[in-house]
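Each chain, letter by letter, is given below.
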There are 2 protein chains.
Amino acid sequence: MTHELFHTLHQLSRQLTNRLNDALKPFGLYSAQWSVLFVLHTKGSLTQKELSEYLFVEAPPMTRTIQRLVKQGYVKQIPGKDKREKYIQLTEEAVKEFPKWEHAVTQCNQTLLKNFPESSQLELTNLQSVWLKQLL
Amino acid sequence: MTHELFHTLHQLSRQLTNRLNDALKPFGLYSAQWSVLFVLHTKGSLTQKELSEYLFVEAPPMTRTIQRLVKQGYVKQIPGKDKREKYIQLTEEAVKEFPKWEHAVTQCNQTLLKNFPESSQLELTNLQSVWLKQLL
DNA sequence: TTAAAATACTTACCTGGGTAACTATAGCGG
DNA sequence: CCGCTATAGTTACCCAGGTAAGTATTTTAA
């Protein structure tokens, strides 16, 4: 019983990530990169620390994801007044391309949810949020 | 809105996997290995193909997980009549140790769910199953 | 019967996330 | 001021899962 709960959650998560990666493929982006780009687009400039805390990811994977984005020219690292910190922000290139990416992701999400009623979506989000808050 | 749904699902999945890995650490096992051991314990002998289909995992990761289990002596590969196939089954060692592993996992799951009402668990499982079936 | 297609598994390489250990800078207490 | 500790980020190395390509065997079809 419990087993099924964990199993379906795991499967769902994998499916969603895979589909998102498919949707981003034409742009040479991956899901983890997208999550960083999305946050930067809404929040502006953040340190890597702030980014990894916001996305609940450890520092090392964040470093890697950012390095790839830097290499692709979508993000730049700006040394902070505190020289240990690096502020990350979107490049002009990224700002220009962002709407295309966002559109592709939105399309993808709509496809994923098209046969799943909105009431169920809300319920699911709610249940997940409650549980997650208890775990953290 | 949609964004939150995907985000919390992803976070939840990671949290659960991390906790399970912690619980299995004393036995030198990891979550993916446990899922294979669990299936073999309930279903008996299966080919790698059957295993990966049952767990919705591609063949290559399954090969790796099995190779690690073989190295640890918890699983053996038996050539099938069709020489392309390999039947996988638990070793005596694994059968002997299984109850301990299962106990640790059960404990872990109870901890994870202890503040999450059973009615919510059922609802969540249900919503997830419905959605997942639509996606596959 | 034998050449081509399908199948089971493996190998190599990629992203995603984790820990441990390291570097460099910042902040403190003596 | 100086040394200790804390912090931001990086590096190296794990596991988990994905695709593409390769190998060996079986099936199919000419």
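The sections below set out a description of the structure shown in this document.

### Quick notes on the overall build of chain A
Thinking step 1. Broken down by element type, chain A carries six helices and three strands.
Thinking step 2. Ordered by position from the N terminus, the helices and strands of chain A form the series α-α-β-α-α-β-β-α-α.
Thinking step 3. Once the C-alpha set of chain A is aligned to its principal axes, its extents read approximately 50 × 35 × 20 Å.
Thinking step 4. Within the span of chain A, comprising 136 residues, buried residues form 43% of the whole.
Thinking step 5. In chain A, of all internal contacts separated by at least 6 residues, the share reaching a separation of at least 24 is 50%.
Thinking step 6. When the accessible surface of chain A is totalled, it reaches about 7900 Å², and 53% of it is carbon and sulfur.

### Quick look at the packing of helix α1 (residues 2-24) of chain B against helix α5 (residues 92-113) of chain B
Residues and elements named next belong to chain B.
Thinking step 1. Between α1 and α5, the least distance of the axes is 9 Å, while the angle of their chain directions is 140°. In terms of orientation, α1 and α5 fall into the oblique class. Seen from above, α1 lies across α5 with right-handed handedness. Residues L16, R19, L20, A23 and L24 of α1 lie in contact with α5, whose contacting residues are A104, V105, C108 and L112.
Thinking step 2. Its residues placed into classes, the contact of α1 with α5 shows eight nonpolar, no polar and one charged.

### Here we look at the protein's contact with DNA strand D
Thinking step 1. DNA strand D sits among 27 residues. The nearest are R14(A), Q48(A), K49(A), T63(A) and R64(B).
Thinking step 2. If you look at DNA strand D and keep only atoms within 4 Å of the protein, 71% of those are sugar or phosphate atoms.
Thinking step 3. Taking Q48(A), its side chain carries an N or O atom lying 2.6 Å from a phosphate oxygen of DNA strand D.
Thinking step 4. Take T63(A): an N or O atom from its side chain is 2.7 Å from a phosphate oxygen of DNA strand D.
Thinking step 5. Breaking the surface near DNA strand D down by element, the ones donating at least two residues are α1 (2-24), α3 (48-54) and α4 (59-71) of chain A together with α2 (31-43) and α4 (59-71) of chain B.

### What to know about helix α2 (residues 31-43) of chain A
Residue and element names in this part refer to chain A.
Thinking step 1. Spanning 13 residues, α2 covers 18 Å between terminal C-alpha atoms, matching the ideal 18 Å at 1.5 Å per step.
Thinking step 2. Among the residues of α2, those classed as buried are S31, Q33, W34, V36, L37, F38, V39 and L40.
Thinking step 3. A positive backbone phi angle near 80° is found at G44, which sits one or two residues after α2.

### Regarding the relation of the copies chain B and chain A
Thinking step 1. Turning chain B through 180° and shifting it by 0.0 Å along the axis lays it on chain A, with an RMSD of 0.0 Å. Here the symmetry operator amounts to a two-fold rotation axis.
Thinking step 2. Looking at the interface residues of chain B, 100% of them are also at the interface in chain A, so both copies use one shared face.

### Side note on the layout of surface pockets
Thinking step 1. Its boundaries defined by the atoms lining it, the largest pocket holds a volume of some 1000 Å³.
Thinking step 2. Along its surface, the largest pocket is lined by 35 residues, and T17(A), S31(A), A32(A), H10(B) and R14(B) are the ones closest to its centre.
Thinking step 3. Of all the secondary-structure elements, those providing two or more residues to the lining of the largest pocket are α1, α2, α4 and α5 (92-113) of chain A together with α1 of chain B.
Thinking step 4. Of all the elements, α1(B) adds the most residues to the lining of the largest pocket, at eleven residues.
Thinking step 5. Approximately 680 Å³ is the volume attributed to the second largest pocket.
Thinking step 6. As for the second largest pocket, its lining consists of 28 residues, of which H7(A), H10(A), S31(B), A32(B) and S35(B) are closest to the centre.
Thinking step 7. Secondary structure elements with two or more residues in the lining of the second largest pocket: α1 of chain A together with α1, α2, α4 and α5 of chain B.
Thinking step 8. Each residue belonging to the lining of the second largest pocket can be placed in one class, and the counts come to 14 nonpolar, ten polar and four charged.

### Considering the protein's contact with DNA strand C
Thinking step 1. Contacts to DNA strand C come from 28 residues, most closely from R64(A), H10(B), K49(B), T63(B) and K86(B).
Thinking step 2. Expressed as a percentage, the sugar and phosphate content of the atoms of DNA strand C within 4 Å of the protein is 70%.
Thinking step 3. Contacts to DNA strand C include A32(A), whose backbone N or O atom sits 2.9 Å from a phosphate oxygen.
Thinking step 4. The contact in question runs from a phosphate oxygen of DNA strand C to an N or O atom on the side chain of R14(B), over 2.7 Å.
Thinking step 5. Considering every element that reaches the surface near DNA strand C, the biggest residue donor is α4(B), with five residues.

Definitions and cut-offs
- Residues numbered from 1 in each chain as written.
- Chains lettered and ligands numbered in written order.
- Predicted model: local features only at pLDDT ≥ 70, side-chain atom pairs only at ≥ 80, totals over all residues.
- Heavy atoms only, no water.
- Helix = DSSP H or I, 4+ residues; strand = E, 2+ residues; numbered from the N terminus.
- Buried < 20%, exposed > 50% of the residue type's maximum accessible area, 1.4 Å probe, protein only.
- Contact = heavy atoms within 4.5 Å.
- Areas by Shrake-Rupley, 256 points an atom, 1.4 Å probe, with all protein chains shown as cover.
- Axes fitted to C-alpha atoms, helices over the stretch in contact; angles between N-to-C directions.
- Parallel < 35°, antiparallel > 145°, perpendicular 65-115°, else oblique.
- Left-handed = near helix turned anticlockwise from the far one by under 90°.
- Nonpolar A, V, L, I, M, F, W, Y, C, P; charged D, E, K, R; others polar.
- Near = heavy atom within 4 Å.
- Polar contact = N/O pair within 3.5 Å; in protein donor to acceptor, adjacent residues only side chain to side chain.
- Expected span 1.5 Å × (residues − 1).
- Least-squares fit on C-alpha atoms with pLDDT ≥ 70 in both.
- 1 Å grid on protein atoms, 1.4 Å probe; cavity = no way out; pocket = protein on both sides within 12 Å on 5 of 7 lines; lining within 4 Å.
- Points joined across faces, edges and corners; volume = space filled by probe spheres on them.

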